[in-house]
Amino acid sequence: MSDIEGRVGQLEADGERKKTGGSNQLIMNENEIEVWTPTIVMERFIRPCFAELFGTMLFVFVGSMSGLATASDQALSVLVAALAHGFAIAMLIAGIGAPSGGHFNPCVTIGVYMGGAMNLIMGCLYIISQLIGAICGSALVLAVLTTEQFDSINGGATLLGEGIATDKAIGCEWILTMILVSTVLQAAVETKSSNLAPLAIGLAVLVDILAGATISGASMNPARSFGPAVVAGIWDDHWVYWVGPPAGAICSGLVYRLLLASPDKRWILKED
């Protein structure tokens with residue numbers, strides 16, 4: 001995600017775009033209609049959407065499988081989950097994220113859209129791809145584990161801590177997702193060429209899980225919760241992960257566009 005906006009900017013580029021080759025010659029002007037060749041469709045839609053599907057699938061697989069490393073000490077179990085998710089997302093962003101920007105999370109996509117770095121259509125396609133990828137990742141977990149192992153980790157589902165009310169869990173997810181999406185916006189959207197973005201985002205996930213795993217499950221990612229819920233059939237308080245994290249992402253996007261963005265991206269008090 002070190003160039004999360006660069007890829008999207010390429011997909012949305014205005015002005016002149018010239019493709020040589022007989023009848024496929026294409027110059028983008030406001031009064032002309034773009035000809036969508038198979039190559040253009042591949043680069044603009046199929047490649048980035050598949051990257052989101054594939055990356056989310058692997059993320060859900062690794063995150064769910066880390067639940068097998070259980071321990072009698074709850075703190076140690078949380079640490080294992082935090083390390084697995086944090087390192088996995090950093091690795092996947094760096095290794096697979098180039099075609100799409102490496103979101104692998106509907107809330108990151110919402111935040112990037114709010115930050116003005118992608119259009120609504122691509123945002124919707126990304127989220128659909130992420131949800132499909134999450135189901136595939138959870139299905140892989142089911143395929144490689146025995147029934148007893150799969151049941152022991154609840155299929156990788158994210159669940160509220162024991163005795164935690166849903167309003168507390170929503171608030172926790174809200175704040176944790178704000179931390180994550182704000183990190184994405186500052187490290188990858190505002191600073192386009194930062195090679196440290198994957199590390200910063202991975203650390204944000206790690207820290208969030210350490211802080212909130214025992215309260216809300218520290219999902220921060222509706223897709224991460226959705227895939228295991230579908231495959232394992234565990235829907236306990238699942239709606240929490242479709243309220244808290246998106247709310248946090250929207251708040252992060254608003255704060256960024258109103259106060260933290262550079263003048264060319266800010267909604268108010270722009271430079272003349």
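Residues numbered from 1 in each chain as written. Predicted model: local features only at pLDDT ≥ 70, side-chain atom pairs only at ≥ 80, totals over all residues. Heavy atoms only, no water.

**Remarks on the overall build of the protein**
For step 1, the next point in the chain: A count of helices and strands for the protein gives 10 helices and 0 strands.
For step 2, the next point in the chain: Helices and strands in the protein line up, N terminus first, as α-α-α-α-α-α-α-α-α-α.
For step 3, the next point in the chain: When contacts within the protein are restricted to residue pairs at least 6 apart in sequence, those whose partners lie at least 24 apart make up 74%.
For step 4, the next point in the chain: Here the protein displays about 12800 Å² of accessible surface, and carbon together with sulfur accounts for 64% of that area. (Helix = DSSP H or I, 4+ residues; strand = E, 2+ residues; numbered from the N terminus. Contact = heavy atoms within 4.5 Å. Areas by Shrake-Rupley, 256 points an atom, 1.4 Å probe, with all protein chains shown as cover.)

**With respect to the packing of helix α4 (residues 106–114) against helix α5 (residues 120–144)**
For step 1, the next point in the chain: Two numbers describe how α4 lies on α5: the axes approach to 9 Å, and their chain directions differ by 170 degrees. Taken as axis vectors, α4 and α5 run roughly antiparallel relative to one another. Touching P106, T109, I110 and Y113 of α4 are L120, G123, Y126, I127 and Q130, all from α5.
For step 2, the next point in the chain: Of the residues belonging to the contact of α4 with α5, the class tally is 6 nonpolar, 3 polar and no charged. (Axes fitted to C-alpha atoms, helices over the stretch in contact; angles between N-to-C directions. Parallel < 35°, antiparallel > 145°, perpendicular 65-115°, else oblique. Nonpolar A, V, L, I, M, F, W, Y, C, P; charged D, E, K, R; others polar.)

**A short note on α4**
For step 1, the next point in the chain: Most of α4 sits inside the fold, with 7 of its 9 residues counted as buried.
For step 2, the next point in the chain: Between a side-chain oxygen at the N-terminus of α4 and the backbone nitrogen of C107 the separation is 2.8 Å; the capping residue is N105.
For step 3, the next point in the chain: Just past α4, the residue G116 takes up positive phi, approximately 80 degrees. (Buried < 20%, exposed > 50% of the residue type's maximum accessible area, 1.4 Å probe, protein only. Polar contact = N/O pair within 3.5 Å; in protein donor to acceptor, adjacent residues only side chain to side chain.)

**Here's the deal with the pattern of salt bridges**
When their charged atoms lie close together, side chains carrying opposite charge are able to pair.
For step 1, the next point in the chain: For the structure shown, the criterion picks out 2 salt bridges.
For step 2, the next point in the chain: Here R47 ties to E43 by a salt bridge, and the two come within 3.4 Å at their closest N and O atoms. Residue R47 and its partner E43 are both found in helix α2 (residues 38–65); the two are separated by 4 residues, about one turn of the helix.
For step 3, the next point in the chain: We classify R47 as partly exposed; its relative accessible area is 35%.
For step 4, the next point in the chain: For E43, a relative accessible area of 30% puts it in the partly exposed group.
For step 5, the next point in the chain: Here K265 ties to E190 by a salt bridge, and the two come within 4.0 Å at their closest N and O atoms. (Salt bridge = Lys/Arg side-chain N within 4 Å of Asp/Glu carboxyl O.)

**Concerning the nonpolar core**
For step 1, the next point in the chain: Counting 34 residues, the largest nonpolar core has V112, L180, I209 and M220 as its most contacted members.
For step 2, the next point in the chain: At the level of elements, α2, α3 (74–96), α4, α5, α7 (166–190), α8 (197–216) and α10 (244–260) are the ones that each hand at least two residues to this core. (Core = buried A, V, L, I, M, F, W, Y, C linked by side-chain atoms within 4.5 Å.)

**Notes on the side chain of H85**
For step 1, the next point in the chain: Mapped onto the fold, H85 is located in helix α3.
For step 2, the next point in the chain: For H85, the side chain forms a polar contact with the side chain of R224, separated by 3.2 Å.
For step 3, the next point in the chain: For H85, the residues in contact, after removing those within four places along its chain, are F59, G63, S66, V205, I209 and R224.

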